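# Observations on the three-dimensional arrangement
Listed here are the chains, written in short residue letters.
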2 protein chains.
Amino acid sequence: MNEQRTVQDLSSEDFINNLSYDSVIFGFNGKQLKILVLEYHNTGLFALPGGFVKRNESLDDAVKRGVKERTGLDDIYLEQFHTFGSLTRSNPSAMKRILKENGHDLKHNEWMLDRFITVAYYALINYDEVSPKPDSLSDSIEWYAIDELPSLMMDHDLIVEKALQVLRDNLEKKLVGMNLLPSKFTMKQLQKVYEAILGEALRRTTFQRRILGMNILERHEKLFQGKAHKAPYLYSFKSNHINKSQEQEITT
Amino acid sequence: MNEQRTVQDLSSEDFINNLSYDSVIFGFNGKQLKILVLEYHNTGLFALPGGFVKRNESLDDAVKRGVKERTGLDDIYLEQFHTFGSLTRSNPSAMKRILKENGHDLKHNEWMLDRFITVAYYALINYDEVSPKPDSLSDSIEWYAIDELPSLMMDHDLIVEKALQVLRDNLEKKLVGMNLLPSKFTMKQLQKVYEAILGEALRRTTFQRRILGMNILERHEKLFQGKAHKAPYLYSFKSNHINKSQEQEITT
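Rules used throughout
- Residues numbered from 1 in each chain as written.
- Chains lettered and ligands numbered in written order.
- Predicted model: local features only at pLDDT ≥ 70, side-chain atom pairs only at ≥ 80, totals over all residues.
- Heavy atoms only, no water.
- Buried < 20%, exposed > 50% of the residue type's maximum accessible area, 1.4 Å probe, protein only.
- Helix = DSSP H or I, 4+ residues; strand = E, 2+ residues; numbered from the N terminus.
- Pairing = 2+ DSSP bridges.
- Expected span 1.5 Å × (residues − 1).
- Core = buried A, V, L, I, M, F, W, Y, C linked by side-chain atoms within 4.5 Å.
- Contact = heavy atoms within 4.5 Å.
- Domains from an automatic or database assignment.
- Buried area = accessible area lost by both parts, 1.4 Å probe.
- Salt bridge = Lys/Arg side-chain N within 4 Å of Asp/Glu carboxyl O.
- Polar contact = N/O pair within 3.5 Å; in protein donor to acceptor, adjacent residues only side chain to side chain.
- Axes fitted to C-alpha atoms, helices over the stretch in contact; angles between N-to-C directions.
- Parallel < 35°, antiparallel > 145°, perpendicular 65-115°, else oblique.
- Nonpolar A, V, L, I, M, F, W, Y, C, P; charged D, E, K, R; others polar.
- Arc of directions from axis to C-beta.

As recorded by an unreviewed UniProt entry, chain A carries the name NUDIX domain-containing protein and is attributed to Meishania litoralis.

In C-alpha cells, the structure reads:
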C-alpha cells in the first residue's frame with residue numbers, strides 16, 4: 001500500500017502531536033562556555049537538538065532517547081527548565097525545507113508543519129570529555145562558544161537565552177551537583193568558573209565577600225605550592241543550604 | 001445533526017490534544033500558607049484548577065483565561081515551574097465520572113480521556129484580598145492549609161509538592177517581587193514568613209546570621225515602639241544579587 005520511502009517517516013499516529021522538546025547542552029571545561037548546535041543538511045539552518053514524544057513513552061524518556069539519537073551522547077543529566085508555547089514560535093516553511101532536503105515525503109509528515117509547544121531541557125557537561133556525533137538529518141554537530149553562536153531557527157535563540165538565565169540564577173546549585181571543579185578548589189578557580197558562565201570579569205574582593213556571605217563553602221587547609229606565605233585556602237561546597245535545596249530531580 | 005446538550009462541550013478540534021495546564025495558587029497572609037482547591041460536582045474528587053490550550057491561543061494566554069474562568073480570580077501573576085509528562089499520570093475513569101456528573105456527552109469528549117502532559121504554574125497571593133468563585137463544573141473552591149489538604153486526583157499531590165519545593169527554593173526572589181511584607185520590615189516579621197512557608201520553626205540567631213549572609217537585605221533605622229533600648233532594626237530587600245537574578249517573567 002505504502003509507496004517506497006527512502007527514509008523512515010515519523011507517523012503522527014505514533015507521536016503526541018503539537019508537542020516537542022528541545023535541549024540546550026552547555027559544555028564547559030573550566031574555562032569557556034559553549035553550546036551544542038546541529039546544522040541541517042543543505043539548508044544552512046542551525047538548531048538545538050530536539051524531537052518528539054512517542055504516545056507510549058514518558059516525556060523524560062523521550063528526551064533521553066532523542067538526545068542520544070540526535071547527538072550520540074548518552075547518560076547526560078538533563079534538567080527541564082521551561083515550556084515555550086507562543087503562537088508565533090513555529091516555522092512551517094523552515095520545517096518543510098528540512099523535510100525535503102532529507103528526502104522525507106511531505107504528505108506523511110504534515111503534522112510536523114503544525115504548531116508546536118516545546119518543553120526545553122538543559123544540561124551542563126564537560127566538553128573535553130565527550131564526542132558528539134550528528135544524526136542522519138544533520139550535516140554537523142558542533143560546540144559553539146556562547147558569544148559566537150550562529151543564528152538559530154524558530155525561537156531557539158530565545159530558548160538559549162532563557163537557559164543561560166536559569167543556569168546563571170542556579171549556578172551554586174548546579175556547581176554543587178556537577179564535577180566541573182575538583183572536590184577541593186581555590187577561590188580563584190571558583191571565580192574563573194563564575195566569570196566564564198556569567199560572561200563578565202568580577203572583582204576579586206567583591207566576589208570573595210559575596211560568595212562567603214552565601215554560606216555555601218566550607219574552608220579547608222591551605223594549598224601549599226612552595227611560597228607558603230602566599231598559599232591560598234582550599235574550599236569545598238557545603239551540602240545544606242538555608243532552603244534545604246535538594247538536587248533538582250527530573251520529576252514527571 | 002447534534003443532539004441537544006445541556007452543557008457546552010469542549011471540542012477536540014478547538015484544543016491542542018494531550019496537553020493541559022494546572023495551577024497551584026498559594027495563598028499567604030503573612031501567617032499561614034494555603035492552596036486553592038476545586039471539588040467536582042457529586043464526585044468527591046478534588047483537583048487543582050486546570051484546563052486546556054486552544055489551538056489559536058498561546059500557552060500563557062490559555063492559563064490566564066482558564067484560571068480566571070475556573071477560579072473567578074483575575075490578574076494573578078502565574079509563573080510556570082514544571083511540565084509533568086509521565087505515562088501514568090492520567091486517570092480516564094476519574095475524568096469519565098467528572099464529565100458524566102456534569103452532564104457532558106462522553107462521545108463528544110473522548111479526547112479528554114486520552115493521555116495528558118500538563119504544564120504547571122504557580123502563584124503566591126494574599127488570600128485576605130481575594131474571593132475565589134467556583135466554575136460550573138465544581139461544587140466549591142476553597143483555601144486549604146498545606147498541612148490539611150484533601151487527597152487530590154491524578155498526580156496533583158505531586159504537582160503541589162513540586163510547587164512547594166520551587167517556592168521554598170526561590171523564596172528570596174518571590175518575596176522581593178511580592179507585596180506580602182511591608183516595604184520595611186523587622187527580622188522577626190521576615191522570620192515568620194520563612195517559618196510559615198518552610199513549615200518549621202527556625203532558631204532566631206541562625207536565621208538572622210544566614211539571611212544577613214545572603215546579602216539581600218538593606219538595613220534602615222530602628223523601629224521605635226516605646227522601649228527604645230529594645231527597638232529592632234527595619235530592613236528592606238536589595239534589588240540586585242550576585243547572579244543578577246531578574247524577576248522571573250512568563251516567557252513563551
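## What about the pairing of strand β2 (residues 33-40) of chain B?
Residue and element names in this part refer to chain B. A large share of β2 lies buried, amounting to 7 of its 8 residues. In terms of strand pairing, strand β1 (residues 15-28) meets β2 through 3 bridges, oriented antiparallel. The partner of Gly-27 across the bridge, within β2, is Lys-34. Taking the residues that link successive antiparallel strands as the turn, the β1-β2 hairpin has 4 residues, and the phi of Gly-30 there is positive, at about 95 degrees. Pairing geometry for β2 and strand β3 (residues 46-47), over 2 bridges, is antiparallel. Bridge assignment links Glu-39 to a residue of β3, and that residue is Phe-46. The turn joining β2 and β3, which pair antiparallel and follow one another in sequence, is formed by 5 residues; a positive phi near 55 degrees is taken by Asn-42.

## Quick word on helix α5 (residues 187-198) of chain A
Residues and elements named next belong to chain A. With 12 residues, α5 extends 16 Å from end C-alpha to end C-alpha; this agrees with the ideal 16 Å at 1.5 Å per step. Those residues of α5 that fall on the buried side of the exposure criterion are Met-187, Leu-190, Gln-191, Val-193, Tyr-194, Ala-196, Ile-197 and Leu-198. Residue Gly-199 follows α5 closely and has a positive phi angle near 75 degrees.

## Here we look at the nonpolar core
Of all hydrophobic cores here, the largest spans 44 residues; its most connected members are Leu19(A), Ile76(A), Leu19(B) and Ile76(B). Discounting residues that sit within four places of it in the chain, Leu19(A) has contacts with Phe52(A), Val53(A), Phe116(A), Ile117(A), Val119(A), Leu19(B) and Ile117(B). With 40 residues, the next largest nonpolar core counts Tyr144(A), Met178(A), Met187(A) and Ala196(A) among its residues.

## Let's talk about the sheet that holds strand β10 (residues 233-237) of chain A
All names here are of chain A. The 3 strands are arranged β8-β10-β9 in an open sheet whose pairing can be described as antiparallel. Single-partner strands in this sheet number two, and they are β8 (185-186) and β9 (217-222). Judged from the 2 bridges that link them, β8 and β10 form a sheet pairing that is antiparallel. Residue pairing in the sheet places Thr-186 in a bridge with Leu-234 of β10.

## Topic: the environment of Leu99(A)
All names here are of chain A. Topologically, Leu-99 is positioned in helix α2 (residues 92-101). For Leu-99, a relative accessible area of 5% translates into the label buried. Once the C-alpha coordinates of Leu-99 and Lys-54 are considered, the two residues, 45 residues apart in sequence, prove to be 19 Å apart. Residue contacts for Leu-99: discarding those within four places in its chain leaves His-104, Leu-106, Asn-109, Met-112 and Leu-113.

## As for the sheet that holds strand β8 (residues 185-186) of chain B
Strand order in this open sheet of 3 strands is β8-β10-β9 (chain B), and the pairing throughout is antiparallel. The strands lining the two open edges of the sheet, one partner per strand, are β8 and β9 (217-222) of chain B.

## A short note on the side chain of Thr186(B)
Tracing the backbone shows Thr186(B) in strand β8. Discounting residues that sit within four places of it in the chain, Thr186(B) has contacts with Leu223(B), Pro232(B), Tyr233(B) and Leu234(B).

## Details of the domain arrangement of chain A
The figure often quoted for interface size is the accessible area lost as the parts come together. Residue and element names in this part refer to chain A. When the domains of chain A are assigned, the result is domain 1 (7-169) and domain 2 (173-246). Using only C-alpha atoms to locate each centre, domain 1 and domain 2 end up separated by 33 Å. Between domain 1 and domain 2 lies a buried interface of about 980 Å² when both sides are counted; carbon and sulfur atoms form 70% of it. Summed over the three residues of domain 1 that lose the most area to domain 2, namely Phe-28, Leu-124 and Arg-168, the buried surface amounts to 54% of that side. The interface formed by domain 1 and domain 2 includes 0 salt bridges. Remark: the boundary between domain 1 and domain 2 carries 2 residue pairs in polar contact (both at pLDDT 80 or more). Elements represented by at least two residues in the side of domain 1 that touches domain 2 include exactly β6 (117-125) and α3 (156-169).

## Regarding the packing of helix α5 (residues 187-198) of chain B against helix α6 (residues 204-213) of chain B
All names here are of chain B. In the contact formed by α5 and α6, the axes pass within 11 Å of each other and the chain directions differ by 95 degrees. Classified by the interaxial angle, the pair formed by α5 and α6 is roughly perpendicular. On the side of α5, the interface is formed by Met-187, Leu-190, Gln-191 and Tyr-194, while α6 contributes Arg-204, Phe-207, Gln-208, Ile-211 and Leu-212. When grouped by side-chain class, the residues that make up the contact of α5 with α6 number 6 nonpolar, 2 polar and 1 charged.

## Overview of unusual backbone geometry
What is expected of a backbone is that most residues other than glycine have negative phi and most peptide bonds are trans. A positive phi angle, close to 60 degrees, is found at Asn215(A), a residue other than glycine. Note on placement: Asn215(A) falls in the loop between α6 (204-213) and β9. A relative accessible area of 31% means that Asn215(A) is categorised as partly exposed. Of note, the phi angle at Asn18(B) is positive, near 70 degrees, even though the residue is not glycine.

## Describing α2(A)
Residues and elements named next belong to chain A. Along α2, the positions that sit buried rather than exposed are Ala-94, Met-95, Ile-98 and Leu-99. Down the axis of α2, the smallest arc covering the buried residues is 135 degrees, so these residues share one side. Exposed positions of α2 whose direction lies more than 90 degrees from the buried face are Ser-93 and Lys-100. Those residues of α2 that are buried are in contact with β2 (33-40). Trailing α2 by a residue or two, Gly-103 shows a phi angle of about 75 degrees, which is positive.

## As for the pattern of salt bridges
Scanning all chains against the criterion turns up 16 salt bridges over all chains. Between Glu57(B) and Arg65(B) there is a salt bridge, with the nearest N and O atoms lying 2.6 Å from each other. Owing to a relative accessible area of 10%, Glu57(B) belongs among the buried residues under this scheme. The shortest N-O distance in the salt bridge between Asp155(B) and Arg89(B) comes to 2.7 Å. Of this pair, Asp155(B) sits in the loop between β7 (138-145) and α3 (156-169) while Arg89(B) is found in the loop between β5 (79-84) and α2 (92-101), placing the two residues 66 residues apart along the sequence. Exposure remark for Asp155(B): the relative accessible area of 10% places this residue in the buried category. The exposure class of Arg89(B) is buried, given its relative accessible area of 3%. Taken together, the salt bridges that share partners define one network made up of Asp22(A), Arg89(A) and Asp155(A).

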